[in-house]
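One-letter residues, chain by chain:
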Amino acid sequence: MKPLSRFKCYSIILPAIPVHLSLPSISLRHPRLYYVGATELRTNPRVSSSNLLDIVNAFTAYCYQRDLPNAMKALDSMQKHRLWADSITYAELIKCCIAYGAVKQGKRVHQHVFSNGYEPKTFLINTLLNMYVKFNLLDEAQILFDQMVERNVVSWTTMIAAYSNAELNSRALEMLIMMLRDGVRPNMYTYSSVLRACKGFSILNQLHCCIIKVGLELDVFVRSALIDIYSKWGELQAALNIFDEMATSDLVVWNSIIGGFAQNSDGDEALNLFIRMKRSGFWADQSTLTSVLRACTSLALLELGRQVHVHVMKFDQDLVLNNALLDMYCKCGSLKDANDIFAHMIVKDVISWSTMIIGFAQNGYSRKALNLFNTMKASGIKPNYITILGVLFACSHAGLVEDAQYYFKSMKVLYSIDPGREHYGCMIDLLGRAGKLEEAMKLIHEMKCEPDAVTWRTLLGACRVHRNMDLAEYAAKKVLSLDPHDAGTYILLSNIYANTQRWADVENLRKSMRDGGIKKEPGCSWIEVNKQVHAFILGDKSHPQVNAIYRELNQIIWRLKEEGYVPDTNFVLQDLEGEQMETSLAFHSEKLAIVYGLMSLPKGKTIRIRKNLRICGDCHVFAKLLAKVENRSIVIRDPIRYHHFEDGACSCGDYW
């Protein structure tokens, strides 16, 4: 005789059963009890139905109470007596396993619900799929998925999202194609997941067309995902077009568009969108404020960042926001504010520590950065790739060759971190600054990854400092072979030629630039005054107060000359004579911005400048002397680091 199939005590009519296979009575008050295999009860005549019900009820209670140890003990007892609970209860247990990271117990649940002929519902299998995905066990998830008799949209979407999150983009797209062939229609969650797997505009455009065809382009999740992916690929106008297609009534979409511009360093537009959002009646959440802080960081808008800080205080001790605040204050050159935030953080993760270490290093406080690194290790936080990069940067900008070599050689042994291009770049920069150009070249040849244009450009900069013409030309050719339109390399090599009076070579380089349509990026400096950003460019006279600024600058230069200032004409790239060379230096953008700051900001207020090109040596000397004469603090942030000028000295120690 065939054994009985499983049955619910409240939903199935029992067939006629021979006398020798009699079953104990079943109470209708216990809907979660399942039996499989009537012979099991026959071989255990002393087990009463009330005891069986107690086992299942206890198991159910433990699952809902998230009591994992006792739930697993009850599960073993259920397995022994061939008892099963309902899918919802098992789902609660699986969620408990996920919460505790209990991989072994999760697999045990999987084994139980498939044992002795029990056939779990698709809902429960999907929950198991999600568990394996959360545990990053994609192979196990795929095996379970392949065994499914029935796969619904949740099953497919779970796998597609898993592969997208793991950046296995091709696999995610393959799963979407298989899903369509299987006759399952993707939903908004499917498309929002697979969009992250787009590897190029061709695939992105095809997916976008599919989304429009099925009418999901206005769904909040899909719309947000479209904005995110177009922003990721730098297509900000396309992202903005999607955003402007209709009135936005969801904060998620606002956060996507603001975050997209902030992540692409378009801080101006990110802040404009934030203002639009506020005027539309939306309240900023953590995600919004994180993006706005990033925009303030990219523009070095310290005062605006402080205003955002007030809003951040509403989200007490939010780690992500605190880390964003740290980054903003560090990159705006306000180490005191950053240090205060860091000191009051109850929870600090590796990002918090790394941000402060890099902040100290970039602002010229290398020893503080290294001391903080030692404190971090003592606190039990394990350094990551970025932490070591900050440590090497600190060594590089303080000339600590031996320290850097120790950290570089031990990072793999002590922290299991493989050196990347950025780590090699720091070491090459350090060796180059120290005049150890041969060692720098040797390290380049030892790199496990192929040297890129940035690596060779770093060596080229060191050659300029130490006037090694042969190696400079070699490094420049390497850069231009990898990036033929790199204007910076032409300018740097031109600077080297100019310093050695090789004007014919300077002219040949300029001719090559003209023939190739390569244009030098003009030097530009920005300063924030009364919540407005003022930009200055060499030779540009569009500022409404330009005449007053030029008059004040000329007066300041004469005053500084009385204090010993001598314009350093080594930083003039043109073949000019005496006064012409000094005039060329006088109106560099950072000098104009500093003078405007002196004219516009209250006495005692720190002058903060951001510029797009590295500060030249003459402007560096100018700022040091001016800070002393005017008794003012001047902070200049260039693409490499931060310079804090006070009382005739700079935080970089003239080593930049």
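Just so it is clear, the model here is predicted, and its values are computed rather than measured. Residue positions are given per chain, counting from 1 as you read along its sequence in written order. Restriction of local features to residues with pLDDT of at least 70 applies here, the model being predicted, together with a cutoff of 80 or more for giving and counting side-chain atom pairs; totals for whole chains, interfaces and linings are based on all residues. Side-chain calculation: all heavy atoms of the structure are included, whereas hydrogens and water are not.

### What to know about the overall build of the chain
Here's step 1: Scanning the chain from terminus to terminus reveals 33 helices and 9 strands.
Here's step 2: Remark: exposure states derive from per-residue accessible area (1.4 Å probe, protein chains only) relative to the maximum for the residue type, with buried under 20%, exposed over 50%, and partly exposed in between. Relative to its full complement of 656 residues, the chain shows a buried share of 51%.
Here's step 3: Should any heavy atoms of two residues lie within 4.5 Å, those residues are considered in contact. Sequence-distant contacts, at least 24 apart, represent 62% of the contacts inside the chain between residues at least 6 apart. Secondary structure elements are defined from DSSP: runs of H or I of at least 4 residues count as helices, runs of E of at least 2 residues count as strands, and each element is numbered from the N terminus.

### With respect to helix 5 (residues 103–113)
Here's step 1: For helix 5, the full list of buried residues reads Gly-106, Val-109, His-110, His-112 and Val-113. Buried residues of helix 5, viewed axially, fall in a sector of 165°; they line one side. More than 90 degrees from the buried face of helix 5, the exposed residues found are Lys-104 and Gln-111.
Here's step 2: The secondary structure elements touched by the buried residues of helix 5 are helix 3 (68–80), strand 3 (83–84), helix 4 (87–100), helix 6 (122–134) and helix 7 (138–147). Think of the arc as the fan of directions from the helix axis to the C-beta atoms.

### Observations concerning the packing of helix 16 (residues 286–299) against helix 18 (residues 319–331)
Here's step 1: The N-to-C vectors of helix 16 and helix 18 enclose an angle of 10°; their axes lie 9 Å apart at closest approach. In terms of orientation, helix 16 and helix 18 fall into the roughly parallel class. When helix 16 is examined against helix 18, the residues Gln-286, Leu-289, Thr-290, Leu-293, Cys-296 and Thr-297 are found in contact with a partner set consisting of Val-320, Leu-321, Ala-324, Leu-325, Asp-327, Met-328 and Lys-331.
Here's step 2: For the contact of helix 16 with helix 18, a count of residues per class yields 8 nonpolar, 3 polar and 2 charged. In this analysis an axis means a line fitted to C-alpha atoms, helices contributing only their contacting stretch, and an angle means the value between N-to-C directions, from 0 to 180 degrees. Comment on the angle field: the value is read as roughly parallel under 35 degrees, roughly antiparallel over 145, roughly perpendicular from 65 to 115, and oblique elsewhere. All residues other than Ala, Val, Leu, Ile, Met, Phe, Trp, Tyr, Cys, Pro, Asp, Glu, Lys and Arg, Gly among them, are scored as polar; the first ten of these are nonpolar and the last four charged.

### Observations concerning the nonpolar core
Here's step 1: To define a nonpolar core, start from buried Ala, Val, Leu, Ile, Met, Phe, Trp, Tyr and Cys residues and group those joined through side-chain atoms within 4.5 Å. In terms of nonpolar packing, the biggest core is built from 168 residues, with Phe-59, Tyr-90, Ile-257, Met-356 and Leu-459 touching the most fellow members.
Here's step 2: Considering each element in turn, this core owes the most residues, 8 residues, to helix 28 (residues 487–499).
Here's step 3: What Ile-257 contacts, discounting residues up to four positions off in sequence, is Ile-227, Ala-239, Leu-240, Phe-243 and Leu-273.
Here's step 4: Residues Ile-527, Val-546, Ala-593 and Cys-616 belong to the second largest nonpolar core, which totals 35 residues.

### Some details on the side chain of Thr-190
Here's step 1: Relative to the helices and strands, Thr-190 resides in helix 10 (residues 188–194).
Here's step 2: Judged by relative accessible area, Thr-190 falls into the buried class, the value being 0%.
Here's step 3: At 2.6 Å, the side chain of Thr-190 forms a polar contact with the side chain of Thr-157.
Here's step 4: When neighbours within four sequence positions are excluded, Thr-190 is seen to be in contact with Val-153, Thr-157, Ile-160, Leu-176 and Met-179. The definition of a polar contact used here is a pair of N or O atoms within 3.5 Å, where within protein one atom must be able to donate a hydrogen and the other to accept one, and adjacent residues in sequence count solely through side-chain atom pairs.

### Some thoughts on the UniProt feature "repeat: PPR" (unreviewed entry) in the chain
Here's step 1: UniProt positions are given in the numbering used here, feature names are shortened, and annotations may be inferred rather than shown by experiment. Taking the UniProt record as the reference, the feature "repeat: PPR" (unreviewed entry) is found at residues 86–120, 152–186, 250–284, 318–348, 349–383 and 420–450.
Here's step 2: Helix makes up 74% of residues 152–186 and strand 0%. Its end C-alpha atoms lie 10 Å apart.

### Details of the pairing of strand 5 (residues 532–537)
Here's step 1: When DSSP finds two or more bridges between two strands, those strands count as paired. Strand direction decides the pairing type here: strand 4 (residues 524–529) and strand 5, joined by 6 bridges, are antiparallel. Bridge assignment links Glu-528 to a residue of strand 5, and that residue is Val-533.
Here's step 2: Hairpin remark: strand 4 followed by strand 5, antiparallel, with 2 residues in the connecting loop; positive phi at Asn-530, about 50°.

### Focus: the packing of aromatic side chains
Here's step 1: Working definition: a ring pair exists when centres of Phe, Tyr or Trp rings (six-membered ring for Trp) sit within 6.5 Å. Plane angles under 30 degrees give stacked, over 60 give edge-to-face, the rest tilted. Inspection of the entire model under this criterion finds 16 aromatic pairs.
Here's step 2: Plain terms: the ring middles of Trp-84 and Tyr-118 are 5.3 Å apart, the flat faces sit at 10° to each other, and that makes the pair stacked. Taken as a pair, Trp-84 in strand 3 and Tyr-118 in the loop between helix 5 and helix 6 lie far apart in primary sequence, 34 residues in all.
Here's step 3: Overall, the relative accessible area of 0% leaves Trp-84 in the buried class.
Here's step 4: The class for Tyr-118 is buried, based on a relative accessible area of 5%.
Here's step 5: When the centroid spacing of 5.7 Å and the interplanar angle of 50° are considered together, the rings of Phe-536 and Tyr-596 count as tilted. With Phe-536 in strand 5 and Tyr-596 in helix 32 (residues 589–600), this pair connects stretches of sequence that are 60 residues apart.
Here's step 6: Assessed through its relative accessible area of 4%, Phe-536 is described here as buried.
Here's step 7: On the basis of relative accessibility, which here comes to 5%, the residue Tyr-596 falls in the buried class.

### Overview of unusual backbone geometry
A negative phi angle is the norm for most residues apart from glycine, just as the trans form is the norm for most peptide bonds.
Here's step 1: The backbone of Asn-136 sits at a positive phi, close to 60°, despite the residue not being glycine.
Here's step 2: Counting through the fold element by element, Asn-136 comes out in the loop between helix 6 and helix 7.
Here's step 3: The residue Asn-631 is not glycine, and still its phi comes out positive at about 55°.
Here's step 4: As for its position among the elements, Asn-631 is in the loop between helix 33 (617–630) and strand 7 (634–637).
Here's step 5: Here Asn-631 falls in the exposed class, since its relative accessible area comes to 69%.

### Some thoughts on the packing of helix 13 (residues 236–244) against helix 14 (residues 251–263)
Here's step 1: The interhelical angle for the contact between helix 13 and helix 14, taken along N-to-C directions, is 165°, at an axis separation of 10 Å. For the element pair helix 13 / helix 14, the angle class is roughly antiparallel. Note on packing geometry: the crossing formed by helix 13 with helix 14 is left-handed. Contact with helix 13, carried on its side by Leu-236, Ala-239, Leu-240 and Phe-243, involves Val-253, Trp-254, Ile-257, Gly-260 and Phe-261 of helix 14 and no other residues of that element.
Here's step 2: Here the contact of helix 13 with helix 14 is composed, by residue class, of 8 nonpolar, 1 polar and no charged. A clockwise turn of the near helix away from the far one marks a right-handed crossing, whereas an anticlockwise turn of less than a right angle marks a left-handed crossing.

### Some remarks on the state of the cysteines
Here's step 1: Any cysteine sulfur atom paired with another within 2.5 Å is treated as part of a disulfide. In the structure shown here, the tally under the stated rule is 0 disulfides.
Here's step 2: Of all cysteine sulfurs in the structure, the one in Cys-395 sits closest to Cys-426, which takes part in no disulfide; the separation is 9.1 Å.

### Brief notes about the side chain of Ser-298
Here's step 1: For Ser-298, the position within the fold is in helix 16.
Here's step 2: The buried category is assigned to Ser-298, whose relative accessible area is 19%.
Here's step 3: For Ser-298, the contacting residues outside a window of four places in its chain are Gly-267, Arg-610 and Arg-637.

### Brief notes about a nonpolar patch on the surface
Here's step 1: Taken together, Tyr-64, Ile-88 and Phe-123 make up a surface patch of nonpolar side chains, about 280 Å² in accessible area.
Here's step 2: Structurally, Ile-88 can be placed in helix 4.
Here's step 3: Residue Ile-88 is classed as partly exposed on the basis of its relative accessible area, which comes to 44%. Without a salt bridge and with relative accessible area above 30%, a residue can belong to a patch; like charges are then joined within 9 Å and nonpolar side chains (Val, Leu, Ile, Met, Phe, Trp, Tyr) within 5 Å. With residues, only the protein chains shown are counted as cover, and all accessible areas are computed by Shrake-Rupley using a 1.4 Å probe. Salt bridges are identified by distance alone: a Lys or Arg side-chain nitrogen within 4 Å of an Asp or Glu carboxyl oxygen.

### Focus: the sheet that holds strand 9 (residues 649–650)
Here's step 1: Strands sit in the order 5-4-6-7-8-9 across an open sheet of 6 strands; the sheet is mixed. Each edge of the open sheet is held by one strand with a lone partner, namely strand 5 and strand 9.
Here's step 2: As paired strands, strand 8 (residues 642–646) and strand 9 are joined by 2 bridges and run antiparallel to one another. Each bridged residue has a counterpart across the sheet, and for Glu-646 the counterpart in strand 9 is Ala-649.

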